[in-house]
Amino acid sequence: MSRIGRMPIAIPAGVTVDIAENNNVTIKGPKGELNRVLPAEMKIELEEGHIVVTRPNDLKRNKALHGLTRALLNNMVIGVTDGFVKKLEINGVGYKCQMQGEKLVLSLGYSHPVEYVAPAGVKIEAPDQNHINVSGISKEAVGQVAAEIRSFRAPEPYKGKGIKYVDEYIRRKVGKTGK
C-alpha cells in the first residue's frame, strides 16, 4: 500500500474543501482558491477535518495514482494556506534584473533585454538586481514560471554564469589548459 497515499491530509482552520462529482475538488483558503479535477478511480472523502484518499484495487496504475492524488491535494491545501516561493539568483558580470510594472526585464548578455510577464496567479519580485522571487498558491505554476525564467540563461559549468535556483549546486568543470 502506498505510504504517501495512506496518510490523511489535515485541513487547517479557515480552509474549506468541496468535493464535487468526478473528483472535481475545490479548496478555498486565506490566500485564494484552487480547483482541480483528480483521477476518477480514486475515492476522496472528508473525515473529521481530514481528507482521505483510497484506491479501489492494487493495479499498478491505481497504486501510482494513489500517492499522486494525495500529494496534489496536499499541495493545494498548503498553497491556499501558506503559498509557495521559488528563489532565483543571477550570476555573471553585467547580468541583472529589474521590475518595470508587472514586467520582469532581464539583461543577460544578449543584444536585447529579455522581458517576461508572469501569468495570472503568480507574482514575481526582484528585491535587488541579482535575485528574483517567484510566488503563488499553485506549486505547479510557480515551478513552471521559475523554470521558464531560468531557461533564458541556464547556468554554464565553466564560470557558473546564468540564472540558477538559490539552493542549486552547479557542478564546475576545468577549462582548457594551454601548452
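The structure under discussion appears in the preceding block.
Definitions and limits used
Residues numbered from 1 in each chain as written. Predicted model: local features only at pLDDT ≥ 70, side-chain atom pairs only at ≥ 80, totals over all residues. Heavy atoms only, no water. Helix = DSSP H or I, 4+ residues; strand = E, 2+ residues; numbered from the N terminus. Rg over C-alpha atoms; globule rule 2.2 N^0.38 Å. Buried < 20%, exposed > 50% of the residue type's maximum accessible area, 1.4 Å probe, protein only. Contact = heavy atoms within 4.5 Å. Areas by Shrake-Rupley, 256 points an atom, 1.4 Å probe, with all protein chains shown as cover. Lys, Arg positive; Asp, Glu negative; His and termini not counted. Charge placed at Lys NZ, Arg CZ, Asp CG, Glu CD. Pairing = 2+ DSSP bridges. Axes fitted to C-alpha atoms, helices over the stretch in contact; angles between N-to-C directions. Phe/Tyr/Trp six-rings, centres within 6.5 Å; stacked < 30°, edge-to-face > 60°. Lys NZ or Arg CZ within 6 Å of the ring centre and 35° of its normal. Core = buried A, V, L, I, M, F, W, Y, C linked by side-chain atoms within 4.5 Å. 1 Å grid on protein atoms, 1.4 Å probe; cavity = no way out; pocket = protein on both sides within 12 Å on 5 of 7 lines; lining within 4 Å. Points joined across faces, edges and corners; volume = space filled by probe spheres on them. Nonpolar A, V, L, I, M, F, W, Y, C, P; charged D, E, K, R; others polar. Expected span 1.5 Å × (residues − 1).

Chemist: Just checking my understanding: could you explain the overall build of the chain for this structure?
Modeler: Across its full length, the chain holds three helices and 13 strands. For the chain, whose C-alpha radius of gyration is 21 Å, the value lies well above the compact-globule estimate of 16 Å for 179 residues. Once the C-alpha set of the chain is aligned to its principal axes, its extents read approximately 65 × 45 × 25 Å. When burial is assessed residue by residue, the chain has 35% of its 179 residues classed as buried. In the chain, 51% of the contacts between residues at least 6 apart in sequence involve partners at least 24 apart. Approximately 11,000 Å² of the chain is accessible, and the part contributed by carbon and sulfur atoms is 51%. Distance between charge centroids for the chain: 12 Å, based on 27 positive and 19 negative side chains.

Chemist: Got a minute to help me understand the environment of Leu106 in this structure?
Modeler: Looking at the secondary structure, you find Leu106 in strand 9 (residues 103-107). The exposure class assigned to Leu106 is buried, which follows from its relative accessible area of 0%. With sequence-adjacent residues up to four places away left out, Leu106 is seen in contact with Ile90, Lys96, Cys97, Pro113, Val114, Ile132, Ile149, Phe152 and Ile163.

Chemist: How should the sheet that holds strand 4 (residues 32-37) be read in this particular structure?
Modeler: The strands making up a sheet are joined through hydrogen bonds of the backbone, oriented either antiparallel or parallel. Here three strands make up an open sheet; going across it, the order is 2-3-4 and the pairing antiparallel. Here the strands that pair on one side only, and so sit at the sheet edges, are strand 2 (16-19) and strand 4. The mean angle between the axes of side-by-side strands here comes to 10°, regardless of whether they run parallel or antiparallel. Where helix 2 (residues 60-81) meets the sheet, it contacts strand 3 (24-29) and strand 4, and its direction lies at approximately 25° from that of strand 3.

Chemist: Quick question: what am I supposed to make of the packing of aromatic side chains here?
Modeler: Two descriptors summarise a pair of aromatic rings, namely the distance from one centre to the other and the angle between the planes of the rings. Here the structure, examined in full by the defined rule, presents one aromatic pair. Ring geometry for Tyr116 against Phe152: centres 5.8 Å apart, planes inclined by 65°, an arrangement best described as edge-to-face. Here Phe152 lies in the loop between helix 3 (139-151) and strand 13 (162-165) and Tyr116 lies in strand 10 (residues 114-117), a separation of 36 residues in the sequence. Taking the ring centre of Tyr165 as reference, the NZ or CZ of Lys86 above it sits at 5.3 Å. If you follow Arg153 out to its NZ or CZ, it ends over the ring of Tyr110, 4.3 Å from the centre.

Chemist: Just to check I follow, could you spell out the nonpolar core for this structure?
Modeler: A general trend in soluble globular proteins is that nonpolar side chains are found buried together. The biggest cluster of nonpolar side chains holds 21 residues, and the ones touching the most others in it are Leu106, Ile132, Val134 and Ile149. Every element with two or more residues in this core is listed here: strand 7 (84-91), strand 9, strand 10, strand 11 (122-128), strand 12 (131-136), helix 3 and strand 13. At four residues, the largest contribution of residues to this core is made by helix 3. Among the nonpolar cores identified, the runner-up in size contains 18 residues, and Leu38, Ile44, Val53 and Leu72 belong to it.

Chemist: Looking at this model, I keep getting lost on the layout of surface pockets. Mind explaining?
Modeler: It is a probe the size of a water molecule, rolled over the atoms, that shows where empty space is left. Of the pockets and cavities examined, the largest pocket occupies roughly 170 Å³. What lines the largest pocket is Leu34, Asn35, Arg36, Leu72, Asn75, Met76, Ile137, Ser138, Lys139 and Glu140. If you list the elements that add at least two residues to the lining of the largest pocket, you get strand 4, helix 2 and helix 3. For the lining of the largest pocket, the residue count by class is four nonpolar, three polar and three charged.

Chemist: How should the pairing of strand 4 be read in this particular structure?
Modeler: In the case of a regular strand, side chains alternate between the two sheet surfaces. Both strand 3 and strand 4 contribute to a ladder of six bridges, which runs antiparallel. Within strand 4, the position partnered with Thr26 by the bridge is Asn35. The loop that links strand 3 with its antiparallel partner strand 4 comprises two residues.

Chemist: Is there a simple way to explain helix 2 in this structure?
Modeler: Each full turn of the α-helix corresponds to 3.6 residues, which orients residues three or four apart in the same direction. The terminal C-alpha atoms of helix 2, which comprises 22 residues, lie 33 Å apart, in line with the 32 Å expected from a rise of 1.5 Å per residue. Every buried residue of helix 2 is accounted for by Asn62, Leu65, His66, Gly67, Thr69, Arg70, Leu72, Leu73, Met76, Val77, Gly79 and Val80. Positive backbone phi, approximately 85°, marks Gly83, located one or two places after helix 2.

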